[in-house]
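A closer look at the structure
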Amino acid sequence: MATRPGPLTEWPWQRLGNFKYVVMAPVVVHGARRVSAGGWGEIDLAFALILPSLLLRMIHNQIWISAARYQTARSKHRIVDRGIEFEQVDRERGWDDQIILNGLLFYVGYLLIPSARHLPAWRTDGAVATALLHAGPVEFLYYWFHRALHHHFLYSRYHSHHHSSIVTEPITSVIHPFAEHIVYYVLFAIPMLSTIYMGNASVLGFVVYIAYIDFMNNMGHCNFELVPKWMFQVFPPLKYLLYTPSFHSLHHTQFRTNYSLFMPFYDYIYNTMDKSSDQLYESSLKGTEETPDLVHLTHMTNLQSAYHLRIGFASIASRPSDSSMWYMWTLWPLAWLSMVFAWVYGSSAFVVERIKLKKLKMQTWAVPRYNFQYGLNWERESINDLIEKAILDADARGVKVLSLGLLNQAKQLNGGGELFRQKYPKLRVRLVDGSGLATAVVLKSILQDAKQVFLHAGPSKIACATAFALCEKGVKVIMNPKKEYDMLKSQIADSRASYLKHSGNQMPQIWLVDNIDDKEQKMAPQGTTFIPISQFPIKKIRKDCTYLSTPAMKIPETMQNIHSCENWLPRKVMSAWRIAGILHALEGWNMHECGDALIDAEKAWSAAIRHGFVPLNKA
């Protein structure tokens with residue numbers, strides 16, 4: 001919101017939340033009645049394109065959002081080297097409000113202006129007139145209106161809402177109070193109404209004009225420079241007719257310069273162009289190569305995770321992936337399409353985010369595969385090839401640490417990363433599976449006065465380390481499967497072997513689990529606390545039991561550019577496996593933690609607390 005919100009700040013349908021599209025019902029009902037009365041021949045092109053044009057605008061904007069986030073994470077041409085936080089994502093999640101308003105205004109105009117009906121598909125003279133009217137009256141009036149918005153009276157009541165985003169994203173361009181958008185649409189209506197009055201308007205002329213506005217808005221609010229220098233060299237006057245992302249970025253950092261809409265012409269005329277515009281453009285275009293200190297290698301989980309990635313839908317990525325949202329089901333076709341595309345064309349891991357902690361630079365790379373594919377025997381070789389390619393790429397770039405997330409460290413896949421360590425003994429990048437810190441988080445989640453726990457897990461690295469540590473402390477570890485019990489029993493010291501018990505009857509109220517079905521959960525006594533020891537959460541089916549989070553910790557406040565949730569974890573919470581890689585880089589530990597190698601749990605825990613990570617599950 002603005003500093004001191006003025007009248008008409010809120011959108012009329014703001015209280016409807018995700019059901020706001022119901023305001024478009026009159027358009028749908030009107031169209032349905034005309035079709036039922038006279039068939040599809042009763043629908044002329046101008047009316048028929050109202051709803052499809054809105055959908056195309058949403059797709060157009062979403063492409064810009066995803067492409068810009070991908071480029072910002074990996075590109076060297078960033079303009080403002082600062083992060084985006086959850087507050088900005090929440091403020092900008094209503095970017096589609098102006099598209100709804102656009103649809104309603106088109107509908108009202110269609111009803112009230114008879115000459116707006118039965119327009120031809122295209123008129124070249126109308127398109128030329130639209131371009132001239134935009135370059136003249138629209139750009140001129142916008143420039144002065146924009147300057148007025150920066151007067152303290154209007155700025156504090158309206159425009160400060162837009163300028164809350166210092167680091168801009170494409171969709172920042174349309175984040176304004178309702179009253180501002182009303183004025184903007186009055187300005188943009190000048191070319192459209194004028195061509196209707198002159199008799200050379202066309203349906204595609206309107207659609208193309210709105211698409212031009214969207215394109216320029218999105219392009220100008222990217223936080224990386226993308227307008228090539230050769231364009232200005234070939235046609236020098238273009239510098240007065242086309243702004244660049246770096247040009248408009250200065251308006252968001254300096255506030256009192258570069259007021260123009262899309263054409264810097266008026267800033268030159270009225271001497272409000274920032275004197276550092278050309279210098280910033282040159283430096284942003286040149287860019288600075290940056291090598292991350294740490295790479296976290298993850299992958300997609302279920303089909304919905306395709307749009308839960310940070311480069312997907314921003315508002316969805318800013319919430320835990322298990323959030324129940326009714327409209328998620330409408331996105332299944334897109335999810336299936338992205339899965340097929342990733343399967344066919346996904347030949348390497350791709351960058352999904354870039355974050356900082358102090359001087360430590362980190363990136364997250366995603367392997368273009370899903371959970372179910374990791375379970376297919378015939379996919380294992382190709383997935384290992386993708387992981388190996390990412391490791392070698394990180395090593396060649398001088399990355400210090402690569403942490404293996406989720407199933408990228410599966411024992412049955414690559415021995416927890418040991419396959420790559422043995423294959424490339426001269427690797428400079430350290431491979432980390434994070435088992436030491438994950439074990440520490442599990443141990444710290446168990447009540448200090450606990451006398452016994454039930455271990456329902458396979459012979460995983462963390463299960464073994466946790467069982468050994470508990471037995472050392474004198475806590476009884478009860479297991480049911482005889483095979484897993486015998487395996488652990490043979491590895492534990494004789495002096496502590498008595499604390500490891502095999503029993504199918506004793507059921508403590510603390511269960512350590514990695515994978516458990518509904519039937520097995522129902523065997524637990526009332527009041528049981530389920531503590532996951534794997535990276536995947538437990539399905540919650542009991543209301544009389546407590547379910548803790550998968551091993552994770554809250555991140556330090558100094559960590560920058562955190563504006564998405566890590567899978568199912570809450571905001572500003574990170575999995576222990578990922579944190580372990582960060583600690584490895586911060587502490588300068590020189591060993592691999594993969595295969596059977598394990599960082600001491602207490603050592604990892606102490607390092608995490610020292611660097612500002614906070615326990616999530618408190619015993």
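These numbers come from a predicted model, not from an experiment.

1. Re empty space enclosed by the protein
- What the rule picks out here adds up to six cavities of 30 Å³ or more.
- What the largest cavity holds in volume is close to 390 Å³.
- Looking at the largest cavity, it is lined by 28 residues, and the ones nearest its centre are Glu-353, Cys-565, Glu-566, Asn-567 and Arg-578.
- Of all the secondary-structure elements, those providing two or more residues to the lining of the largest cavity are β1 (294-299), α15 (305-308), β2 (350-357) and β13 (573-575).
- For the lining of the largest cavity, the class distribution of residues is eleven nonpolar, twelve polar and five charged.
- Considered as a void within the structure, the second largest cavity measures approximately 260 Å³ in volume.
- In this structure, the second largest cavity is lined by 25 residues; those nearest its centre are Ser-173, His-176, Tyr-184, Phe-188 and Asn-217.
- If you list the elements that add at least two residues to the lining of the second largest cavity, you get α6 (124-149), α8 (178-198), α9 (203-220) and α12 (245-254).

2. Topic: the UniProt feature "domain: Very-long-chain aldehyde decarbonylase CER1-like C-terminal" (unreviewed entry) in the protein chain
- UniProt's entry tags residues 453-615 with the feature "domain: Very-long-chain aldehyde decarbonylase CER1-like C-terminal" (unreviewed entry), counted in the numbering of this structure.
- Between the end C-alpha atoms of residues 453-615 there is a gap of 21 Å, over a span that is 28% helix and 18% strand.

3. As for the sheet that holds β13
- Reading across the sheet, the three strands line up as β13-β12-β14 and stay open at both edges, with antiparallel pairing between neighbours. Edge positions in the open sheet fall to β13 and β14 (614-615), since each of these has one partner strand only.
- Relative to β14, strand β12 (residues 552-554) runs antiparallel, the two sharing two bridges. What sits directly across from Lys-554, in β14, is Val-614.

4. Some details on the environment of Asp-600
- With respect to the secondary-structure elements, Asp-600 resides in the loop between α26 (576-587) and α27 (601-610).
- Each C-alpha atom of the pair Asp-600 and Ala-131 lies 68 Å from the other, and the pair is 469 residues apart in sequence.
- Looking at Asp-600, its side chain comes within polar contact range of the main-chain nitrogen of Glu-602, at 3.2 Å.
- Looking at Asp-600, its side chain comes within polar contact range of the main-chain nitrogen of Lys-603, at 3.0 Å.

5. Here's the deal with the packing of helix α22 (residues 435-445) against helix α23 (residues 461-472)
- Where α22 contacts α23, the two axes come as close as 9 Å, and the packing angle between them is 50 degrees. For the element pair α22 / α23, the angle class is oblique. Considering only the axes of α22 and α23, their crossing is right-handed. Here Ser-435, Ala-438, Thr-439, Val-442 and Leu-443 of α22 lie close against α23, whose contacting residues are Lys-461, Ile-462, Ala-465, Thr-466, Ala-469 and Leu-470.

6. A short note on α12
- Within α12, eight of the ten residues are buried, which leaves the element mostly enclosed by the surrounding structure.
- Within α12 the residues assigned to the buried category are Pro-245, Ser-246, Phe-247, His-248, Ser-249, Leu-250, His-251 and His-252.
- Among the structural elements, α6, α9, α13 (265-269) and α14 (277-286) are those in contact with the buried residues of α12.
- At the C-terminal side of α12, Phe-255 shows a positive phi close to 75 degrees.

7. Focus: the layout of surface pockets
- What the second largest pocket holds in volume is close to 1100 Å³.
- Taken together, 37 residues line the second largest pocket, and the ones lying closest to its centre are Lys-411, Gln-412, Ser-460, Lys-461 and Asp-514.
- Of all elements in the fold, only α20 (411-414) and α23 reach the threshold of two or more residues within the lining of the second largest pocket.
- Sort the elements by how many residues they give to the lining of the second largest pocket and α23 lands first, with five residues.
- For the lining of the second largest pocket, the per-class residue count stands at 19 nonpolar, twelve polar and six charged.

8. Considering the nonpolar core
- Core analysis: the largest hydrophobic core is formed by 58 residues, its most contacted members being Leu-437, Leu-455, Val-477, Leu-512, Met-559, Ile-582 and Phe-613.
- At seven residues, the largest contribution of residues to this core is made by α26.
- In this view, Ile-582 contacts Leu-294, Leu-357, Leu-360, Met-362, Met-559, Met-574 and Phe-613; residues no more than four positions away in its chain are not counted.
- Judged by nonpolar contacts, the second largest core, of 53 residues, contains Leu-54, Ile-65, Phe-188 and Phe-224.

Conventions used here
- Along each chain, residue indices are assigned from 1 in the same order as the chain's sequence is written.
- Under the rules for a predicted model, residues below a pLDDT of 70 receive no local features and side-chain atom pairs below 80 are neither given nor counted, while totals for whole chains, interfaces and linings still include all residues.
- Note: side-chain values were computed over all heavy atoms of the structure, leaving out hydrogens and water.
- Think of a 1 Å grid over just the protein atoms. A cavity is a set of points where a 1.4 Å probe fits yet cannot get out, a pocket is an open set with protein on both sides within 12 Å along at least five of seven lines, and lining residues have an atom within 4 Å of a point.
- Grid points are joined across faces, edges and corners, and a volume is the space filled by probe spheres set on the points.
- What counts as a helix is a DSSP run of H or I of at least four residues, what counts as a strand is a run of E of at least two, and both are numbered from the N terminus.
- Charged means Asp, Glu, Lys or Arg here, nonpolar means Ala, Val, Leu, Ile, Met, Phe, Trp, Tyr, Cys or Pro, and polar covers whatever is left, Gly included.
- UniProt positions are given in the numbering used here, feature names are shortened, and annotations may be inferred rather than shown by experiment.
- Pairing between strands is defined by DSSP: at least two bridges between them are needed.
- Between N or O atoms, a polar contact is any pair within 3.5 Å; within protein, one atom must be a potential hydrogen donor and the other a potential acceptor, and residues adjacent in sequence are included only when both atoms are from side chains.
- Axis definition: a line fit to C-alpha positions, over the contact stretch in the case of helices; interaxial angles, taken between N-to-C directions, run 0 to 180 degrees.
- In these notes the angle categories are as follows: under 35 degrees is roughly parallel, over 145 is roughly antiparallel, 65 to 115 is roughly perpendicular, and the rest is oblique.
- Two helices that cross are described as forming a left-handed crossing if the nearer one is turned anticlockwise from the farther one by less than a right angle, and a right-handed crossing if clockwise.
- We call two residues contacting when some pair of their heavy atoms lies within 4.5 Å.
- Each residue's exposure class comes from its accessible area (1.4 Å probe, protein chains only) as a fraction of the maximum for that residue type: buried when under 20%, exposed when over 50%, partly exposed otherwise.
- We call a set of buried residues a nonpolar core when its members are Ala, Val, Leu, Ile, Met, Phe, Trp, Tyr or Cys and they connect through side-chain atoms within 4.5 Å of each other.

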